[in-house]
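Per-entry structural report
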Amino acid sequence: MPFEKVLTQQVDFPALERAILELWQRNGTFEKLRQKNRNGPRWSFLDGPITANNPMGVHHAWGRTYKDAFQRYHAMNGRHLRYQNGFDCQGLWVEVEVERELKLRSKRDIENLVPGDTFQSIDRFVHYCKERVDKYARVQTEQSIRLGYWMDWDREEDWRKPPDQRRSYFTMSEENNYTIWAFLKKCHQRGLIYRGYDAMPWCPRCSVGLSQMEMAEGYQLVAHRAVFVRLPLRDRPGENLLVWTTTPWTLTSNVAAAVNPGLTYLKVRHKEEIYYLAKGAFTAQRLEEQWKKKEWVAGVPKLSTLEQHFKSKGGYEIVGSVRGADMIGWSYEGPFDELPEPSKSARTVHRVIAWKDVGETEGTGIVHIAPGCGKEDFQLGKEEGLPPVAPLDEYGVFLPGFGELAGRSALDHTTTDWILDNLQQKGLLLAVEKYPHSYPHCWRCKTELLFRLVEEWFIDMSWRDEIKRVVEQVTFLPESINGKARELDWLTNMGDWMISKKRFWGLALPIWVDEQTGDFEVIGSRAELKERAVEGWDKFEGHTPHRPWIDLVKIRNPKTGNRMSRIPDVGNPWLDAGIVPFSTMYYNRDRAEWAKWFPADFITESFPGQFRNWFYAILAMSTMMENRPPMKVLLGHGLVRDQWDRPMHKSAGNAIPFEGAADEGYTLTDPKGKTERYPPMGADVIRWMFARHNPAHNLDFGPAPAEELRAKFTLKLWNVYAFFCNYARLDGFDPSVLPLPMAERPDLDRWILSDLQLLVRTAREAFESYNLMAFCLEAERFVDDKLSNWYVRRSRRRFWKSEQSRDKQAAYQTLYTMLLTLAKLFAPIMPFLTETMYQNLKTTDMPESIHLCAYPTVDETLIDAELSEEMNCLLSLVSLGLAARNNVKIKVRQPLAELKVQASAESKEYAAVERFGDQLLAELNVKVVSLHDPEWGPLLMPEVKPNPKTLGPKFGARMKDIASALAAADAEELAMKVRAGDCVELTCGGEVILLEPGDLIVSMKAPEGWVGMVDGETQIALDTRLTEALSLEGTARDVVRHVQEQRKEASLEMEDRIALYLGTDSEKLRQAITTHRDYIAAETLTIEWSSQPLTGPGVHRATVKVDGQPLTIELRRSMAK
RNA sequence: GCGGGUAUAGCUCAGUUGGCUAGAGCGCAGCUCUGAUAAAGCUGAGGUCCUUGGUUCGAAUCCAAGUACCCGCACCA
């Protein structure tokens, strides 16, 4: 038997999916696909590496759905693919998790993992990092397989191999690391690698400097205590500069004060002192915009103006003014000159300097400058020859030389307390306030950043224009987010690339330094290092190029003969991910092969952040390596949020784990705090949900949208499939019989086959233009509206007929084609459901898996535009008819005599009724459909009534007069004007009044006994007069419905024949039953009528009400033939 | 501050190159169907397509300005 029976109740889709996974596994389907396409034209996809640091979440499934869908589509078109997944392995994110696992608090703890042995400690720590990456790479592999993501996944034996020999690529592989060396060497050869000494953003917890792109990730709105501090002028007794800062700890390292030479500064007398501050700053409404927009930190009061501060502290008087330029060179007393360290250098400086960037919308217009604690400060200090004071160590703790502050953390509140107290005691503190501002935090551990003087390594990005020219050649999708412009914007604004990290687990930067001279060299490959090594190679040999082993290798400075050591820094992880267009495509091993796959046809990732991260890194590195774009098309997509549009957070209880969504079910806490458990949705629904979404927008993911999708799409498709299989099975339909020619198929069949071709066209266009949404939305409409709700509904009776006819054959063949084609169309997006369907639909001469089939192509000969138009017209006629019935509350089950459709001979309505009259009869349950030529006069007459809503207020009591005047007026003329949007003049009580179109309600009225409906140009009228015969027929249909209901109650199979007894006291019921005895019998498969109540076993009895009258139904399965 | 985007029903969103009487789903209201049946369907209410100008025979769509929101960049003492 070709078709298995298909259940429609409580279908466990996740379980079906798991069965398909086993089927693929058992048959080696994926390998067969690769084998089939191995000589096909290439399609090159490049996977952006997923961070192998935690299990995958549902949000990862978005990109992975795209990746898999496009790969499967191209595979179905015979393309040869690499199927290489990528894992991102190195970097601080892994270190932070390993630290957490090992309960380590700081770099010091890591270096002391093996007490007293830094080398061993680092070795062990790096080992743990590698282990963590392997662990989660395996987890993510399993999860991805469950998602149905077909990649060349690593198997058990592969995990025992080193990363370089596995199927997926790992950024920790030697190949990847050494290819970055080659990149850095190229940079160095162009003189672009340099060592920078600068005040850098620094995370005191991780003890690491942050690059510009990392810093951008971590801005958060927080409130700090900001202070107004006076700095007494040395040669002007009783006079002070007033400065303001949000980071009081930096005052310890104050060296200078900057003014804008072009601004006017006020001399303000307050109590016994004179304060200098910028005129504009005095009254500036600080952060007013933010306050209004509520971009504020809860609990922080509105900021006072400087003027208000002075007023509240006892008043002020403006006693003069001075230009900023005239203040340059003034000397003042520093706020912490009594401390040993500041007293050494800063104390002798403390002068007013000029800085054109000083503004007066915030602060005092005089900026406290601490070159050791701020980026601009440092720059300014360099220009002015100011000595920087560096107060903090790598943990953000004050160094010795800062008195009581030594050993205290700059971030600690009590440290700020101490500083404020100290300033207060010295009488320097004018005011303290809470100040909300967006401040950088460590994007990994959320610690507030400090600025600290450090030495880091950079790539000079002055060649940005070269990258821009490469970017110009890439297609960025979706168009609406303007990715190319964003990327170019970043390239314009970005600074030099800080590539060093003072950490342990990562790319070993191949920079060797001669400590005595400061000379450095960049090594470009393992071979080069081996060649140059003068020490330590033997110990390093056999290890991956990671710390601590690589640090043992020393080279000689050819100029001085000095020994050169590798800098201890590791690399920025975006170098790791950025090199993959080379390292993973055989660039070093087989350049010819690389050229076949480079550039990638396609990449896709979530776009927030990536324009300065991965997209940037691959574009920049590819420009340096080959001056070519690494990909042709980039598709970005948004973020996944919960179904209430909130960000997903584990702590908020609204994050959905992948396993939960796929198989296990999950709990979810709604915005009101209620937690509920939900069943799994399965991979197909997850995938379709992502595929159908607009990639430019964030996606609200959760049980509600999943359920909606299941109901309106998955289940409908499934029900149609089940309907087909279950009847085809009973009927013994043979799909291999020669198909009937199109000419012999009814219009309904030719219509759906025609529209199917249009869907195939949409599908192909969508996949080729990377716009899955367009296809999915169209597919949903096709399945729901066209296939399920119209084609199958209208065709059902064709399948039920007991005799074999050509019409029945046509119906089976058409629906079979439909299901098979749709399954193939949807296969790239819903690989499981479509495979399940295919397995039950395929014949022996078809490929063993749907994923080994060819993607459908459009058969232009089947497209019939005229037919589609007429079918659409028919659908709107049906809608109108149903609306008309609804209007007069006559249910569809009640037959009516006649439907009139207004249609001229050349109208589409005419053609539709001609062609599909029988469908109209059946669907609207009328006896006759007739055409009404408008030339015979209007079918419906306009009727114009006053609109009391608008006229009431205007005319009050005169409404009645207006109504009667309207009734007397020419309705047709009025209606025409109203439709045209014109005003209407109405003579009412001898007076002409003007009515606006909205004041009148125009409806279309049918003749007595009829009900009319209008939709645009289309008009219909339905005869609502019930004759005795019609009424009896309606009753008979009610009886049938109840009998069917009872058959179901009695759990009969749908092909079972029955014996039936119907008992009633109602004359009308009796008459209806008698008159329509044959019809009832045919519908309910009654082959034995009983005039007496049934006896014996297996009798099902029920009493129902028909037309308000009791009817006894008794039935049992009939043994007669 | 600079740059970009968006604005369509109560909510979430579709709407091709200008060609509508502007749509869907959810929600709401009222119904209906019934061997695909623990599924489904229909009808209805609900719109200033953000505002104002312009281009055009015709604008949700194109242009300009404004408003609001979002994003990116720069973020300052």
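1. Some remarks on the overall build of chain A
When helices and strands are tallied, chain A shows 39 helices and 42 strands. Computed over the C-alpha atoms, the radius of gyration of chain A is 40 Å, more than 25% above the 32 Å expected from 2.2 N^0.38 for a compact globule of 1121 residues. Principal axes of the C-alpha set define a box for chain A whose edges measure 120 × 90 × 55 Å. Here chain A holds 1121 residues, and the buried ones make up 56% of them.

2. A closer look at the nonpolar core
Core analysis: the largest hydrophobic core is formed by 239 residues, its most contacted members being Ile459, Trp497, Phe701, Phe724, Phe775, Leu815 and Leu822. Broken down by element, the residue count for this core peaks at 13 residues, all from helix H27 (residues 703-731). Counting only domains with at least three residues in this core, you end up with domain 1 (40-218 + 441-509 + 569-637) and domain 3 (733-868). When neighbours within four sequence positions are excluded, Ile459 is seen to be in contact with Phe183, Leu184, Cys187, Leu192, Ile193, Tyr194, Asp496, Trp497 and Ile499. Membership of the second largest hydrophobic core comes to 69 residues, among which are Leu306, Phe336, Val349 and Trp418.

3. Quick word on helix H31 (residues 831-841)
Side chains that are three or four residues apart share a direction in an α-helix, a result of its 3.6 residues per turn. With respect to burial, H31 is a largely interior element, ten of its eleven residues being buried. Taken residue by residue, H31 has Pro831, Phe832, Leu833, Thr834, Glu835, Thr836, Met837, Tyr838, Asn840 and Leu841 as its buried positions. On its buried side, H31 packs onto helix H1 (13-27), helix H3 (60-76), helix H6 (118-147), helix H26 (683-691), H27 and helix H30 (806-826).

4. Some thoughts on unusual backbone geometry
Cis geometry marks the peptide bond from Leu477 to Pro478; its omega dihedral reads -10°. By the element assignment, Pro478 lies in the loop between strand S16 (475-477) and helix H18 (483-493). For Lys271, which is not a glycine, the phi torsion comes out positive at approximately 55°. On the basis of relative accessible area, Lys271 is assigned to the exposed category, the value being 56%. Notably, Lys446 is not glycine yet its phi reads approximately 70°, a positive angle. The residue Lys446 is located in the loop between strand S14 (429-440) and strand S15 (450-459) in this model. On the accessibility criterion, Lys446 (51% relative accessible area) is exposed.

About the criteria used
- Residue positions are counted from 1 within each chain, in the order its sequence is given.
- Each chain gets a letter, beginning with A, and each ligand a number, beginning with 1, in the order they are written.
- Residues qualify for local features only when their pLDDT is at least 70, as the model is predicted, and side-chain atom pairs are given and counted only at 80 or more; totals for whole chains, interfaces and linings, by contrast, use all residues.
- Think of the side-chain values as coming from all heavy atoms in the structure, minus any hydrogens and water.
- For the purposes of this entry, the term helix denotes a DSSP run of H or I that reaches at least four residues, the term strand denotes a run of E that reaches at least two, and both are numbered from the N terminus.
- The globule rule used for comparison is 2.2 Å times the number of residues to the exponent 0.38, while the radius of gyration itself is calculated over C-alpha atoms.
- For every residue, the accessible area obtained with a 1.4 Å probe (protein chains only) is divided by the maximum for its type, and the residue is called buried under 20%, exposed over 50%, and partly exposed between those limits.
- Throughout, nonpolar core names a set of buried Ala, Val, Leu, Ile, Met, Phe, Trp, Tyr and Cys residues whose side chains join them through atoms within 4.5 Å.
- What marks off one domain from the next here is an automatic or database domain assignment.
- What makes two residues a contact is simply this: any of their non-hydrogen atoms within 4.5 Å.

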